[in-house]
Amino acid sequence: MNKNHKEFIENFNEELVIFSPGRINFIGEHTDYNNGFVLPTAIDKKIVFSFERNDTEDQCKVYSISYGKMLDFSLFEIRQSTIEWENYILGVINELLQITDSVKGFNCIIKSELPIGAGISSSAALECGLAFGLNELFGLGLPKIALIELSQRAEHLYVGTKCGIMDQFASVMSKDQKVILLDCKSQTHRLIDANFEPYKILLLNTNVSHNLASSEYNTRREECEEVIKIVSSKYNEIKSLRDITKSVLNEFKNKLSTTLFNRASYVIEENNRVLQASELLEKGDLVRFGELMYQSHRGLQNQYEVSCEELDFLVDFSENNDKIIGSRMMGGGFGGCTINLIHKDDINDYIVRVKKAYKDKFNIDLTSFTTVPSHGTSIQE
Ligand code: GLA
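Summarised in this report is the structure supplied together with it. Computed from a prediction, not measured in an experiment: that's the story for all the values here. (Residues numbered from 1 in each chain as written. Predicted model: local features only at pLDDT ≥ 70, side-chain atom pairs only at ≥ 80, totals over all residues. Heavy atoms only, no water.)

Comments concerning the overall build of the protein
Using the following cut-off: Helix numbering and strand numbering both begin at the N terminus, where a helix is a DSSP run of H or I of at least 4 residues and a strand a DSSP run of E of at least 2. To get the radius of gyration, use the C-alpha atoms; to get the globule rule, take the number of residues to the power 0.38 and multiply by 2.2 Å. Contact criterion: two residues are considered in contact whenever any of their non-hydrogen atoms come within 4.5 Å of each other. Using a 1.4 Å probe, the Shrake-Rupley method yields the accessible areas, and only the shown protein chains count as cover for residues.
When you go through the protein residue by residue, the secondary structure sums to 11 helices and 13 strands. For 381 residues, the compact-globule estimate of 2.2 N^0.38 gives 21 Å, and the C-alpha radius of gyration of the protein, at 21 Å, lies within 12% of that figure. Counting only C-alpha atoms, the protein reaches 60 × 55 × 40 Å along its principal axes. Taking all contacts inside the protein whose residues are at least 6 apart in sequence as the whole, residues at least 24 apart take part in 72%. Within the structure as shown, the protein displays about 16,300 Å² of accessible surface, and the carbon and sulfur contribution to it stands at 46%.

Re helix 9 (residues 286-302)
Operational definition: Here the expected span of a helix is defined as 1.5 Å times the quantity of residues minus one.
For helix 9, built from 17 residues, the straight-helix expectation of 24 Å at 1.5 Å per residue is met to within 8% by its first-to-last C-alpha distance of 24 Å. Of the surrounding elements, those touching the buried residues of helix 9 are strand 9 (199-209), helix 8 (258-283), helix 10 (309-319), strand 10 (324-329) and strand 11 (335-343).

Considerations on the sheet that holds strand 11
Note on sheets: strands pair through backbone hydrogen bonds, and any given pair is parallel or antiparallel. To keep things clear, this is the line we draw: Strand pairing requires that DSSP identify at least two bridges connecting the strands. Where helices are involved, their axes are fitted lines through C-alpha atoms of the stretch in contact, as for all axes, and angles between N-to-C directions lie from 0 to 180°.
In spatial order, the strands read 10-11-9-12; together these 4 strands make up an open sheet with antiparallel pairing. Looking along the sheet, the strands with just one partner apiece sit at the ends: strand 10 and strand 12 (367-371). Averaged over neighbouring strand pairs, the angle between their axes works out to 20 degrees when direction is ignored. Packing of helix 10 onto the sheet brings it into contact with strand 9, strand 10 and strand 11, and relative to strand 11 it is tilted by some 10 degrees. Across the sheet, helix 11 (residues 347-362) touches strand 9, strand 10, strand 11 and strand 12, and the angle it forms with strand 9 is around 20 degrees.

What about helix 8?
The terminal C-alpha atoms of helix 8 lie 37 Å apart, and with 26 residues this matches the ideal 38 Å at 1.5 Å per residue to within 8%. Downstream of helix 8 by one or two residues, glycine 284 has phi in the positive range, about 80 degrees.

Examining the sheet that holds strand 7 (residues 178-183)
On the basis of which strands lie adjacent, the open sheet formed by 3 strands has the order 2-7-8 and antiparallel pairing. The open sheet is flanked by strand 2 (37-38) and strand 8 (188-193), the only strands paired with a single partner. Here strand 7 runs beside strand 8; their pairing, made up of 6 bridges, is antiparallel. In the sheet register, leucine 181 faces strand 8, and the bridge partner there is arginine 190. Running at roughly 140 degrees to strand 7, helix 5 (residues 166-173) makes contact with strand 2, strand 7 and strand 8 of the sheet. Taken strand by strand, helix 8 contacts strand 2, strand 7 and strand 8, and its axis lies near 40 degrees from that of strand 8.

Here's the deal with the pairing of strand 7
In plain terms, the rule: Accessible area is worked out with a 1.4 Å probe on protein chains only. A residue is then buried under 20% of its type maximum, exposed over 50%, and partly exposed in between.
The buried fraction of strand 7 is high, at 5 of 6 residues. Of the pairings in the sheet, the one linking strand 2 to strand 7 comprises 2 bridges and is antiparallel in character. Its bridge partner being in strand 7, valine 38 is matched across the sheet by leucine 182. In this structure, the hairpin formed by strand 7 and strand 8 is closed by a connection of 4 residues, where glutamine 187 is found at a positive phi of approximately 55 degrees.

A word on the layout of surface pockets
Put simply, the rule reads: Within this scheme a cavity is a closed region of a 1 Å grid, computed over the protein atoms alone, that accommodates a 1.4 Å probe without allowing it to escape, whereas a pocket is open but has protein on both sides within 12 Å along at least five of seven lines; lining residues each have an atom within 4 Å of a point. Grid points are joined across faces, edges and corners, and a volume is the space filled by probe spheres set on the points. Residue polarity is assigned by list, with Asp, Glu, Lys and Arg as charged and Ala, Val, Leu, Ile, Met, Phe, Trp, Tyr, Cys and Pro as nonpolar; anything else, Gly included, falls into the polar class.
By volume, the largest pocket amounts to about 1,100 Å³. Lining the largest pocket are 48 residues, with Tyr88, Gly117, Ser122, Ser123 and Glu155 sitting closest to its centre. When contributions to the lining of the largest pocket are tallied by element, the ones reaching two or more residues are helix 2 (84-99), strand 6 (106-112), helix 3 (122-137), helix 4 (144-159), helix 5, strand 9, helix 6 (213-232) and strand 11. Among the residues making up the lining of the largest pocket, the classes are represented as 20 nonpolar, 22 polar and 6 charged. In this structure, the second largest pocket encloses a volume near 190 Å³.

Re the pattern of salt bridges
Note the threshold: In the sections that follow, a salt bridge refers to a side-chain nitrogen of Lys or Arg positioned within 4 Å of a carboxyl oxygen of Asp or Glu.
Taken as a whole, this structure holds 29 salt bridges when the rule is applied. Across the pair lysine 61 and aspartate 72 runs a salt bridge, and its minimum N-O distance is 3.4 Å. Residue lysine 61 is located in strand 4 (residues 59-64), and its partner aspartate 72 is located in strand 5 (residues 69-74); the two are separated by 11 residues in the primary sequence. Taking relative accessible area as the criterion, lysine 61 reaches 30% and is therefore assigned partly exposed. Measuring nitrogen to oxygen at the nearest pair gives 2.8 Å for the salt bridge that ties aspartate 183 to arginine 242. With aspartate 183 in strand 7 and arginine 242 in the loop between helix 6 and helix 7 (246-251), this residue pair connects regions lying 59 residues apart in the sequence. Each of Glu216, Arg220, Glu223, Arg263 and Glu305 takes part in salt bridges that share partners, so that together they form one network.

Looking at the nonpolar core
In plain terms, the rule: Among the buried residues, those of types Ala, Val, Leu, Ile, Met, Phe, Trp, Tyr and Cys that are joined through side-chain atoms within 4.5 Å form a nonpolar core.
Core analysis: the biggest nonpolar cluster contains 69 residues, and Phe26, Phe51, Phe73, Ile89, Phe106 and Phe289 have the highest contact counts within it. Excluding anything up to four places from it in sequence, phenylalanine 289 contacts Phe26, Leu39, Phe196, Ala277, Leu280, Leu281 and Leu341. Ile244, Phe252, Tyr294 and Val306 belong to the second largest nonpolar core, which has 45 residues in total.

So, the packing of helix 2 against helix 4
The condition that has to hold: Each angle is binned into one of four classes, with values under 35 degrees roughly parallel, values over 145 roughly antiparallel, values of 65 to 115 roughly perpendicular, and all other values oblique. Crossings are sorted by hand: turned counterclockwise from the far helix by less than a right angle, the near helix makes the crossing left-handed, and turned clockwise it makes it right-handed.
Running from N to C, helix 2 and helix 4 point in directions that differ by 125 degrees, and their axes come no closer than 8 Å. Classified by the angle their axes make, helix 2 and helix 4 are oblique. At the point where helix 2 passes helix 4, the crossing takes the right-handed sense. Between helix 2, through Glu84, Asn87, Tyr88, Leu90, Gly91, Val92, Asn94, Glu95, Leu96 and Ile99, and helix 4, the contact on the second element is made entirely by Leu150, Arg153, Ala154, Glu155, Leu157, Tyr158 and Val159. Tallied by class, residues from the contact of helix 2 with helix 4 come to 10 nonpolar, 3 polar and 4 charged.

Honestly, that's just the spatial picture; any functional story needs more than this.
So this is what it looks like as structure tokens:
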């Protein structure tokens, strides 16, 4: 470790520690920015932030243990960086400074257990953990929803991904052993018991992250907006794909390209699946819940076209195993993890088999971990 970084860590006078978790999403992908429904929750893997005030007006140092890099800046001169991870930090600071002048100089050390590009939203964990921590450190008094929204805006403005609200919401609002049914239009949510016995949640990380991910993400969003533009020329009360039914969409079939029609069909169907899935979970009908996860994947693969060969291979592989009742890609797509509901007695055996098959096919090591629905951003007591 560089001598200056070592000194920085040794002299650090920790005042506050924040845990900021990653998230999973059972179903409802690419629905959040269409004002739809999602079913996410936080996981037991997190980013840990240590904070101290440094008694300056404006000097800040943020050290990332994972990158071995220091970000050194003044609150008086916040601008976008050419280095991606720095923009998550600077974007949040920029947003906070629009709302308050109570943020002063601080130091922070960040340590992450979240693999990057795995679709478990290390980005929202980073944004929200920082926002949450500074809110505490300087007694800003901002409610959680303000921290969520400003983190989302930071990602739009500084990182350039026009993400929805799901990741930030799940990272901050989740509760142990619950999943969140979030209505992204009204931003109201309901907690549902995460009762998956005898199944466990297994994440399989393809360890690929095709670089299409962020550009294609924004393209999908634009495609959805294009559909709204066309449909609202007749129905001007329609503001998002959430407001469109299948029969209204069908009226416009000839006016939409096949691509746009498929994108919108997927979103409408996926929203219905989320609502159905949450009822099935409440009733304990996990097998049908899992079937909807498979259907969601096929929609993402064929209609929304955000999957990739590696993810499809894993979902196909699990479909041949009746101990895996549900499997799908998770998050933005083009790589990252699949989420699987697997019988607890079959996990070890399955991991060995799927890892071998994946390695044989792509010559890439698959990584895996099981996880449990966990608490959102919190202060270490
Ligand atoms: C990313 C975004 C979310 C959401 C998902 C897809 O994780 O940050 O807002 O759109 O992709 O469901």
